[in-house]
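# Structural characterization, general
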Amino acid sequence: MNIDGNPTRTIWPLENAVEIIDQTRLPHEFVVHRLASLEDAAEAIRVMRVRGAPLIGATVAYGLALAASRDAGDDALHAAGDTLIATRPTAVNLQWAVRRMLARLLPLPVAQRAAAAWCEAAVICEEDVAQNQAIGRHGANLIQAIANRKPGPVNLLTHCNAGWLAAVDWGTALAPVYAAVAAGIPLHVWVDETRPRNQGASLTAWELAKHGVAHTVIADNAGGHLMQHGRVDLCIVGTDRTAANGDVCNKIGTYLKALAAQDNGVPFYVAAPGPSIDFALASGREIPIEERSAEEVTHLSGLDGEGRIVKVRLTPEGCPAANPAFDVTPARLVTGIITERGVCAASREGLAALYPERV
Ligand code: MRU
């Protein structure tokens with residue numbers, strides 16, 4: 001997507017290195033960060049310089065390419081995969097990318113593996129872009145249908161950041177937004193701030209502004225009120241892992257939005273590219289939920305009056321805090337899942353019909 005008119009991706013390869021946009025510095029600073037080793041890739045995922053399930057998958061693929069450039073033996077590649085998978089537990093894209101890379105590399109002679117790893121990582125990135133573009137087309141049809149039956153802009157609510165910053169390009173939940181805007185459909189996005197890390201306020205608001213999409217940031221608690229007053233036409237969120245029965249794991253707070261949407265008759269869609277669907281898990285109850293540092297709840301960072309990024313404490317000193325980073329929205333609250341292969345019911349049958357080769 002565009003930054004001030006310039007098409008930009010979140011990750012790109014160099015000669016034996018990879019560059020990423022450091023998302024811990026947005027929206028206040030645009031910094032390109034270089035990954036030169038497996039350890040750099042693992043650190044970038046762990047501290048969330050890169051985040052969002054599809055982009056984490058792409059970074060894992062390049063992390064294995066960096067590892068293979070150093071040692072492409074079986075043991076080294078397995079160990080690199082384990083290191084990368086251990087960085088974050090919830091998004092299934094880490095395991096997916098490691099499985100895919102190892103399946104491609106291990107049958108090859110060791111001398112050919114590094115070159116093949118760089119190629120395969122690039123293929124994974126191109127597939128990510130194509131999948132999200134297709135999600136954009138399918139999702140834009142849903143937005144168009146709403147635009148056809150109401151005057152004024154379509155008001156779409158999204159949670160966290162499932163935009164192009166969460167993928168290689170386009171994003172998942174925001175791909176339909178970009179496709180709809182490109183098609184000239186009048187659209188406005190309600191952006192949940194998404195405490196505690198504020199990916200909505202800092203990342204979604206930044207990328208929508210840079211691409212020129214109308215949007216308004218709201219406190220996480222405002223969505224239900226806006227839905228009660230007819231100010232939300234549909235919700236589209238992303239997913240870090242969707243189980244085989246259509247239960248959707250996404251950023252903490254998604255479940256509450258789905259409940260409010262159900263109560264108010266607002267369609268609630270989930271954008272899920274194939275690699276984010278885990279057919280090995282029968283239901284969302286089996287998805288591991290990442291517990292993150294309490295400091296993300298007790299503290300906030302932002303710009304002070306002198307333009308310096310500072311961190312401030314919100315809570316009484318020593319206040320206990322809990323920080324589950326994801327929740328599971330049961331399939332019964334999901335109107336439909338938007339995949340690269342089309343829109344389906346959030347159910348075992350709906351997903352199996354689109355991905356028969358995976359069940
Ligand atoms: O913790 P993060 O920022 O990596 O969380 C991922 C997300 O941004 C969301 O949960 C998103 O909706 C799914 S990833 C497209």
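A brief report on the enclosed structure follows. The shown structure was predicted, so the numbers you read here are calculated from the model rather than taken from an experiment. (Residues numbered from 1 in each chain as written. Predicted model: local features only at pLDDT ≥ 70, side-chain atom pairs only at ≥ 80, totals over all residues. Heavy atoms only, no water.)

This part takes up the packing of helix 2 (residues 53-70) against helix 5 (residues 110-148). One way to put it is that helix 2 packs onto helix 5 with a least axis distance of 8 Å and a crossing angle of 170°. Regarding the angle of helix 2 to helix 5, the classification is roughly antiparallel. Of helix 5, the residues touching helix 2 (which contributes Pro54, Ala58, Ala61, Tyr62, Ala65, Leu66, Ala68 and Ser69) are Ala114, Ala117, Trp118, Ala121, Ala122, Ile124, Cys125 and Asp128. (Axes fitted to C-alpha atoms, helices over the stretch in contact; angles between N-to-C directions. Helix = DSSP H or I, 4+ residues; strand = E, 2+ residues; numbered from the N terminus. Parallel < 35°, antiparallel > 145°, perpendicular 65-115°, else oblique. Contact = heavy atoms within 4.5 Å.)

It is worth spelling out the sheet that holds strand 4 (residues 17-21) at this point. Ordered by their spatial adjacency, three strands build an open sheet running 3-4-5, and the pairing between neighbours is antiparallel. In the strand order of this sheet, the two ends are held by strand 3 (11-14) and strand 5 (32-35), each with one partner. Each neighbouring strand pair of the sheet contributes to a mean axis angle of 25°, computed without reference to strand direction. Here strand 3 runs beside strand 4; their pairing, made up of four bridges, is antiparallel. The residue bridging Pro13 from the neighbouring strand is Val18, located in strand 4. Across the sheet, helix 1 (residues 38-46) is in contact with strand 4 and strand 5; its angle to strand 5 comes to roughly 135°. (Pairing = 2+ DSSP bridges.)

Close to the ligand lie 18 residues, the nearest being Arg51, Arg88, Asp240, Asn250 and Lys251. The separation between an oxygen atom of the ligand and a polar main-chain atom of Gly52 is 2.9 Å. The side chain of Gln199 places a nitrogen or oxygen atom 2.9 Å from an oxygen atom of the ligand. Within the complex, 100% of the 410 Å² of free accessible area of the ligand lies under protein. Its residues assigned to classes, the shell around the ligand comprises seven nonpolar, seven polar and four charged. Each of domain 1 (2-127) and domain 2 (131-358) gives at least three residues to the shell around the ligand. (Near = heavy atom within 4 Å. Polar contact = N/O pair within 3.5 Å; in protein donor to acceptor, adjacent residues only side chain to side chain. Areas by Shrake-Rupley, 256 points an atom, 1.4 Å probe, with all protein chains shown as cover. Nonpolar A, V, L, I, M, F, W, Y, C, P; charged D, E, K, R; others polar. Domains from an automatic or database assignment.)

Remember that the coordinates give geometry; whether it matters functionally is a separate question.
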